[in-house]
Amino acid sequence: MAKKKENVIKTEHFGIQRKIVANMTTESWQNIPHVTYTYEPDVTEFMEQYRLLNNGVEKENKVTVNTLMLKVIVEGLKACPAMNAHIEFDRKYVRGAIHTLSEINISMPMVLPTGEMMTINLHNFENKNLDEMVAYIKDVHRRMENTDLNEVMFDVSLDNTLTGLKEGKLAQTLNRLIGSKTGKHKVKTLKGKAKREYEAIPETDRLTKHDIEQGSITISNIGSVYREQRGAAALIEIIPPQVTAIAVGAVQDRPVVIVNENDEKEIAVRQVLPFTIVFDHRALDFGDIVPFIKKLDEIFEAPEIMFSWKNEKPITEEKIEEIKEERIVRETRFEESKKREKARREAERDAERAGAKAEKAQAEAEKAVKEAEERAAKAEKELQEATERASQKALKEAEKAEKEALEAEEKARREIEKLRREAAEKAEKAKSEAKEKALKEAERLHQELLEKTDKMRRDAEKKRLDAEEKKTKALAEAEKTKKEALDKAKKEAEKAQRELEKAKAEAEELAEKAKKAQAKADEFSDGE
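For every chain, the first residue of the written sequence is number 1, and numbering continues from 1 onward in sequence order. pLDDT decides what is reported in this predicted model: residues at 70 or higher carry local features, side-chain atom pairs at 80 or more are listed and counted, and totals for whole chains, interfaces and linings draw on all residues regardless. To obtain the side-chain values, all non-hydrogen atoms of the structure were used and water was disregarded.

Caption draft 1: Quick peek at the overall build of the protein chain. If you tally the helices and strands in the protein chain, you get eleven helices and ten strands. Residue exposure (1.4 Å probe, protein chains only): buried if accessible area is under 20% of the type maximum, exposed if over 50%, otherwise partly exposed. The proportion of buried residues among the 528 residues of the protein chain is 28%. By sequence separation, contacts in the protein chain at least 24 residues apart represent 71% of the contacts at least 6 residues apart. Surface accessibility follows the Shrake-Rupley procedure with a 1.4 Å probe radius. Residue values consider only the protein chains on display as shielding. Only carbon and sulfur atoms are counted for the fraction: they give 52% of the accessible area of the protein chain, which is about 35600 Å². A helix here means a DSSP run of H or I that spans at least four residues, while a strand means a run of E at least two residues long, and both kinds are numbered starting from the N terminus. By definition, residues are in contact when any of their heavy atoms lie within 4.5 Å.

Caption draft 2: Representation of the nonpolar core in the model. Counting 60 residues, the largest nonpolar core has Phe-46, Ile-106, Leu-122, Phe-275 and Phe-292 as the members making the most contacts within it. Beyond its immediate stretch of four places on either side in the chain, Leu-122 contacts Leu-70, Ile-104, Asn-105, Ile-106, Met-108, Met-110, Tyr-136 and Val-140. Judged by nonpolar contacts, the second largest core, of seven residues, contains Ile-32, Ala-233, Ala-245 and Ala-247. By nonpolar core we mean a set of buried residues, namely Ala, Val, Leu, Ile, Met, Phe, Trp, Tyr and Cys, connected to one another through side-chain atoms within 4.5 Å.

Caption draft 3: Quick look at the side chain of Gln-252. Inspection of the secondary structure puts Gln-252 in strand E8 (residues 252-259). At a separation of 3.5 Å, a polar atom in the side chain of Gln-252 contacts the side chain of Arg-254. Apart from residues lying up to four places away in sequence, Gln-252 is in contact with Gln-229, Arg-230, Gly-231, Arg-270, Gln-271, Val-272 and Pro-274. Whenever two N or O atoms come within 3.5 Å, that pair is a polar contact, provided that in protein one can donate a hydrogen and the other can accept it, and provided that, for residues adjacent in sequence, both atoms are side-chain atoms.

Caption draft 4: Looking closely at the confidence of the model for the protein chain. Residue-level confidence of the predictor, termed pLDDT, takes values from 0 up to 100. Across the protein chain, pLDDT averages 80, with 82% of residues at or above 70. Confidence scores differ between elements of the protein chain, with helix H6 (residues 170-181) showing the lowest mean pLDDT of 60 and helix H3 (residues 65-79) the highest of 96.

Caption draft 5: How the structure looks around the sheet that holds strand E4 (residues 106-111). Read across the sheet, six strands follow the order E1-E10-E7-E6-E4-E5 without closing on themselves; strand pairing throughout is mixed. Of all strands in the sheet, those bounded by a partner on one side alone are strand E1 (34-39) and strand E5 (117-122). Neighbouring strand axes in the sheet, compared pairwise and without regard to direction, differ in orientation by 20° on average. Between any two strands, pairing holds if DSSP finds at least two bridges. Sheet analysis places E4 next to E5, joined by six bridges and oriented antiparallel. An axis is simply a line fitted to the C-alpha atoms; with a helix, the fit covers only the stretch in contact. Between two such axes, the angle follows the N-to-C directions and lies from 0 to 180 degrees.

Caption draft 6: Fine view of unusual backbone geometry. The linkage connecting Pro-240 with the following residue, Pro-241, adopts the cis geometry, with an omega of 10°. Mapping Pro-241 onto the fold places it in the loop between strand E6 (217-221) and strand E7 (244-248). Although it is not a glycine, Val-94 adopts a positive phi angle of roughly 50°. Position of Val-94 relative to the elements: it lies in the loop between strand E2 (85-90) and strand E3 (95-100). With a phi angle near 55°, Asn-124 is a residue other than glycine that sits in the positive phi range.

Caption draft 7: Examining a negative patch on the surface more closely. Together, Glu-261, Asp-263, Glu-264 and Glu-266 make up a region of like negative charge exposed at the surface. Position of Asp-263 among the secondary structure elements: in the loop between E8 and strand E9 (265-272). Residues enter patches when they are more than 30% accessible in relative terms and free of salt bridges; like-charged ones are connected within 9 Å and nonpolar ones (Val, Leu, Ile, Met, Phe, Trp, Tyr) within 5 Å. One speaks of a salt bridge when a side-chain nitrogen belonging to Lys or Arg is within 4 Å of a carboxyl oxygen belonging to Asp or Glu. Counted as positive: Lys and Arg. Counted as negative: Asp and Glu. His and the chain ends are not counted at all. A single reference atom marks each charge: NZ on Lys, CZ on Arg, CG on Asp, CD on Glu.

Caption draft 8: Structural detail: the pairing of E7. Counting buried positions over the five residues of E7 gives five, a clear majority of the element. Both faces of E7 are covered, namely the face carrying Thr-244, Ile-246 and Val-248 and the face carrying Ala-245 and Ala-247. With four bridges connecting them, E6 and E7 associate as parallel partners. Note on E7: the bridge partner recorded for Ile-219 is Ile-246. For E7 and strand E10 (residues 275-280), the ladder comprises five bridges, and the chain directions are antiparallel. For Val-248, the partnering residue across the bridge sits in E10 and is Phe-275.

Caption draft 9: Region of interest: the pattern of salt bridges. Inspection of every chain in the model, using the stated rule, returns 17 salt bridges. Measuring nitrogen to oxygen at the nearest pair gives 2.7 Å for the salt bridge that ties Asp-139 to Arg-142. Taken as a pair, Asp-139 and Arg-142 lie in helix H4 (residues 130-144) at a separation of three residues, close to a single helical turn. A salt bridge links Glu-371 to Arg-375, with the nearest nitrogen and oxygen atoms 4.0 Å apart. Residue Glu-371 and its partner Arg-375 are both found in helix H10 (residues 317-477); the two are separated by four residues, about one turn of the helix. According to the relative accessible area criterion, Arg-375 is exposed, its value standing at 52%.

Caption draft 10: The packing of H3 against helix H9 (residues 286-301), seen in detail. Direction vectors running N to C along H3 and H9 enclose 135°, while the axes themselves pass 8 Å from each other. Comparing the axis directions of H3 and H9 gives the class oblique. When the axes of H3 and H9 are compared, the crossing they make is right-handed. Judged by residue contacts, Met-69, Val-72, Ile-73, Glu-75, Gly-76, Leu-77 and Ala-79 of H3 engage Pro-291, Phe-292, Lys-295, Leu-296, Ile-299 and Phe-300 from H9. In this classification, the charged set is Asp, Glu, Lys and Arg, the nonpolar set is Ala, Val, Leu, Ile, Met, Phe, Trp, Tyr, Cys and Pro, and all remaining amino acids, among them Gly, are polar. Class assignment for the residues of the contact of H3 with H9 results in ten nonpolar, one polar and two charged. These descriptions rest on fixed angle ranges, namely under 35 degrees for roughly parallel, over 145 for roughly antiparallel, 65 to 115 for roughly perpendicular, and the rest for oblique. The hand of a helix crossing depends on one turn: near helix anticlockwise from the far one by less than a right angle means left-handed, and clockwise means right-handed.

Caption draft 11: Geometry of the packing of H3 against H4. Direction vectors running N to C along H3 and H4 enclose 125°, while the axes themselves pass 10 Å from each other. Overall, the two elements H3 and H4 adopt an arrangement that is oblique. H3 and H4 meet at a crossing whose hand is right-handed. Judged by residue contacts, Thr-67, Leu-68, Leu-70, Lys-71 and Val-74 of H3 engage Leu-130, Met-133, Val-134 and Ile-137 from H4.

Here it is, written out as structure tokens:
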């Protein structure tokens, strides 16, 4: 979210230097898979030799730490040429090539007298000794004072734009022209008389695009920016098409515990110089940079080699040998102190381990005796408990057997008595149920007989009344139907009589059945 205008204290649009840096670093992070490694050599003896290297040398001709580190890195690149290369890669078709370069042209950021930063291409450092490197860098600083940053940057940008146009990158060319020539983002360069006066300066007295064009490797000395720093660069960008970038930190004191000649502990201060080595994983693997690291190890372990890097040696060969011997003595003492400390620590550890083993053995012995006593006591106790349990178990089993025999006898007696009672109860119940059933059946039949007889009588009475009514009605209706009505009534009466007689016969039959049922019930009761 954009900040409110009133909170902005300053707005500064990109100049050409910032545009180039922004464009190149963006391309770097978008396209290059970076791998970083921090290398931290002990440079205590190296820095001691460096101070001797500058003894008696005039200030303007002294070798700076920066120049000396450039020479060290160049020697490492000679041993590992794969790091001094350019890469071509087409991601679309997955095609690539790595071009290992014979010239070591170092792209190094430097601060101009104006305070602005410019990356200078230090050409052909593979063939230069320390004195030549000092003179080259000194001449660069001289020419910087006559250089207009915007002019030389614009020449490089224009050259890159024209190269892109030749390669068919028309859209990129147009976009760059619009971005650098229009609006508030327009790049301001010299014009008219000022431009003519600037171009009149000989190229030998000012920096040109040749001095800031792409090198074969980028080296940044971040240690020179703030020498009191206590850290190291974590990662820096690789500028395409380069495959390596190196950041040199500041020399830092690190405390180390040593043991002196009196077998006493003390703190020794050693100097460490962090290097951040970054490489393009498309071109290199970690194993590819090992020769570089090994070469630097050799130099820092035998730093007298730096005296061979000068045109005129400030000291004799004998003095170099003497310095080497003194260094070996110092390093031997330091190594011996480390060995003594290591031996002391190992002795302490061995004593601690032996004491621990003895204590452990004694504890285990005491534990074994205690466990044996406990096992013996436990065995004796278990024997007594087993004997007592066996005796009690036998007594309980005898008592149990006797009790079970009595219980079995009592159970058998109860079962016999129970069976007898159940047999008597079943007989009595059967007798009672049969008698009750016969009485209920007789009563039911008698009741049915009474109900049926009563019903038949009611029906007969009803029919008689109906006949009488019909008869009366027939007489009332007409005389001529009297005879027919009388006949019909007579027939009905006769029919009713027959039904009545039939009903009586059925009632008598039911009564006879009831008597027989009663007799049968009495007979069954007497039999029981």
